[in-house]
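# Structural features, examined
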Amino acid sequence: MRPEFRRALEAAAQHDRPSGRIAVIKNAVKDEVSAVDPSVRVRFTDYFNHSVAPDLVLEWPHEDRKRPLFVRSASAAWLLNDMRLIASHHPVIFTLEDLGTESAATPRKSLQAAAATAGTWVTDSTGTEAIADVRARSPILGMLGQALVRGGRGVADAPEVRKLVNATQRGFAGAAKGAERPARSAVKAIEGHLDRDQAGRLTRLLRAVWEGHGADGASFPTTASLGTLTADDLSYLLSIPSDGSPDFWTKIGRAVSTELLASVRVDDPSPNLQALVSASLDRLEAKGVRLIDEPYELFEPDDYPRWIVTRNRLALRGQNWTAYLAARRTEEFPPTEDAELPDYPTITSRATANRTRISQVQIEGHDTAVTVESRQGEEVLGRDELNAIVERMGNAPLREAVAVLPDGRNVKVDFPQRTASGSGSVTFLLRPLLLFVLPLLSDFSAYELAGIQRVVRGGDSYEDLYPELPGYGIEN
Amino acid sequence: MAGESAHDKGRDGLQRAKQWLDLTTRVESWTHDHRILGSLVHFEWPFARGLAKPFSFDMGGEFRGESLAEQSFLAEVKNYEYEMDLHAHFLDFLAKCYIALGNRPELCDNFLWISWSPFQAQKWNQHATTASVRRALTLPRNRKRALGVDKADDVVGQWDVERMGEVAKRIWLITLSDKQEMLVPIEDHYFKIKEIIDRERGLRR
């Protein structure tokens, strides 16, 4: 039993009036549930210890469902009988006594069977303590805690919860190495303690880690819920307030695409989103990037730049600007108004500062457009013939350019739309796209450029990232 | 003296009585073995000693709605199929009520006697009377533990006549039957009624 809960019960017993005791008990149980699942919203009903009406109602943001919670102080035999009236609502039954005291007794076994079948989660404060204590250790355990409150079933006191936690931890560690036995044990434990929806989230995640390791998907243990990781699964994972190791996020990142990320529901700021995208920059791809001026909003987090998901797109949010990523098609970009065209010296300055190679530019005349292109994809900026053309055209601005990424792919830059994208079905890794092309779209300050590089490059140097292209990019 | 939980029949009766009360939508209740609320139905015979001193009712609670709103109650539940020794138990119940009312009147707005069998039906109208309470307190076992007197003649002067009258007024005689227990709102309807009640009260965050 958590000390906080024991103290709360002692405090409750000090109240003379029933209403005082009831209020303390309800608050204490609310705290117990919140310790396991911090995202839960707990509403108090006007009922207490009622045969049919719950004491608390559990709700979750963005979810149109509720789970009733009954606080009970009763024996397993009593609970078994009670379930006849309430089990159809798949409730949580939270007992004030520790369930463990009669674990070997026949009523307890009957209760376990009945609760598991009826989708009812019977737990006590040792059960909530066991999961609350480990919840913050990893996002998986955080997700397990959430899953138990949302869809736990069966009787779960501390020993049962510990067994589930251990099986889950071993399963994920094993899946990361392609080990079948621990993965199978984890699936069995997870599906034994959770309803189909909640078990499915965890087993799909387990499968993602399994396949991320390169193991054969066909040899993954049979699960009740099939399919790959969904945006909803990922939303749950990202909402868990716990620190995952970069290694963990790298494993998850192998099952994630820019398209999937664009569909997740995530708060801003989200440390987990930063960790996941950061760990996946060498895998995530995009069709392109569009920069839109969007002023700082009151109460907006002041951590710039940061990854966000907004308007159903993954984006990098800076102060007063947002760089939207299109996963597959340019039509995914949010609409924008034409910006003023930059002049040649401006683009030269931006490209030089970032050592971005430009192989083609289109100069906008009054009623003409002149395109200058290098034949082999070499740098065109600064060439005498280009300088001369620009001068002859009265320092006309640039409408388009083609930037060459370190891997040789061409990115077309549309300056009026402040958009960089590939032609046809070409997509780009996020890291080079944002490192070398995004800076061409605006006059970022040195501070902002350093921020973009910090987020996109992480702790790696250019030489480590692009050893085949020494001198590509800049060091800060 | 949590006697009812000592055997399955007693527990079964207590749970059925609680469920029936709860389904009226007018009751909030707890049983004698509730970890935190249970102590609110536990009392002591003032003149008994040792293990004989504590006693409890089977259930306590509060009513809700209209004229009963926030009134407290204590209840004794006897899961007997026929009269057996119900009358003796009832007289003890009256003595318990007398002591409880003297100690914690705020918990004693109503005293509920719930059984599945009537007793002394010819005198049914006399059960909840001051005379009946007086008789209960005059019984040897009760006059000793409740009033501290050995002889029947000595009880006068030791008891509080006004309190006896109050006990009588607060008695509810409820006789359930197995079939009657089915005659409650079906679950779907119960929840619809509850939704209306919840809407009226407003769920508190």
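Report on the accompanying structure. Throughout this document, residue positions are counted from 1 along each chain, in the order its sequence is written. As they are written, the chains are lettered A onward and the ligands numbered 1 onward, keeping that order. With pLDDT at 70 or above as the cut-off, local features in this predicted model cover only qualifying residues; side-chain atom pairs require 80 or more to be listed or tallied, and sums for whole chains, interfaces and linings still use all residues. Side-chain measures here rest on the full set of heavy atoms in the structure, leaving out hydrogens and waters.

Let's shift gears to the sheet that holds strand β5 (residues 72–78) of chain B. All names here are of chain B. Whether two strands pair depends on DSSP finding at least two bridges between them. Strands here are runs of E lasting at least two residues and helices are runs of H or I lasting at least four, both read from the DSSP assignment and numbered beginning at the N terminus. Pairing within the open sheet is mixed, and its 5 strands lie in the order β1-β4-β5-β6-β7. Either end of the sheet is taken by a strand with one partner, and the two such strands are β1 (27–31) and β7 (171–175). Along the sheet, successive strands turn relative to each other by an average axial angle of 25 degrees, direction set aside. On top of the sheet, helix α2 (residues 86–103) reaches β5, β6 (110–115) and β7; it is set at about 160 degrees to β6, its chief contact. Axes, fitted as lines to C-alpha atoms, cover a helix only where it is in contact. Angles between the N-to-C directions of the axes lie from 0 to 180 degrees. In what follows, a contact means two residues having at least one pair of non-hydrogen atoms within 4.5 Å.

All names here are of chain A. Note on classification: 1.4 Å probe, protein chains only; a residue is buried when its accessible area is under 20% of the maximum for its type, exposed when over 50%, partly exposed between these limits. With 7 of 9 residues buried, helix α10 (residues 231–239) lies mostly within the body of the structure. Regarding α10, the residues found buried are A231, D233, L234, S235, Y236, L237 and L238. Turning to α10, the residues buried within the fold contact α6 (139–151), α9 (196–212), α11 (246–253), α12 (258–262) and α13 (271–279).

A few words now on the packing of aromatic side chains. Any two of the Phe, Tyr and Trp rings considered here, Trp counted by its six-membered ring, make a pair once their centres fall within 6.5 Å; the pair's planes then place it as stacked at under 30 degrees, edge-to-face at over 60, or tilted in between. Under the counting rule described, the total for this entry stands at 18 aromatic pairs over all chains. Seen in terms of ring centroids, B:F119 and B:W124 are 5.7 Å apart; in terms of plane orientation they differ by 65 degrees. Their pairing is edge-to-face. Relative accessible area serves as the criterion here: at 1%, B:F119 is assigned to the buried category. Assessed through its relative accessible area of 28%, B:W124 is described here as partly exposed. The aromatic ring of A:Y236 is capped on one face by A:R201, whose charged end is 3.5 Å from the ring centroid. Only lysine NZ and arginine CZ atoms are considered, and such an atom sits over a ring when it is within 6 Å of the ring centre and within 35 degrees of the ring normal. The ring centre of B:Y98 lies 4.2 Å from the NZ or CZ of B:R163, which sits over that ring.

Contacts between the two partners involve 36 residues from chain A and, on the opposite side, 34 residues from chain B. Across the interface of chain A and chain B, roughly 3500 Å² is buried in total on both sides, 51% from carbon and sulfur atoms. Buried area: the accessible surface (1.4 Å probe) lost by two parts on joining, summed over both. Together, A:D46, A:Y47 and A:W78 form the three largest contributors to the area buried by chain A at its contact with chain B, with a combined 21%. Any Lys or Arg side-chain nitrogen located within 4 Å of an Asp or Glu carboxyl oxygen qualifies as a salt bridge. A:R17 is paired through a salt bridge with B:E62; the nearest N and O atoms lie 3.5 Å apart. Two N or O atoms count as a polar contact when they lie within 3.5 Å, although within protein this holds only if one can serve as hydrogen donor and the other as acceptor, and sequence-adjacent residues are included solely when both atoms are side-chain atoms. Taken together, the links from chain A to chain B amount to 16 residue pairs in polar contact (both at pLDDT 80 or more). At the level of secondary structure, the elements contributing two or more residues to the side of chain A that touches chain B comprise α1 (3–13), α2 (18–36), β1 (41–44) and α3 (76–86) of chain A. In terms of residues, the side of chain A that touches chain B owes the most to one element, α3(A), which gives 6 residues. Asp, Glu, Lys and Arg are counted as charged, while Ala, Val, Leu, Ile, Met, Phe, Trp, Tyr, Cys and Pro are counted as nonpolar; the rest, among them Gly, fall into the polar class. Residues of the side of chain A that touches chain B, tallied by class, amount to 18 nonpolar, 9 polar and 9 charged.

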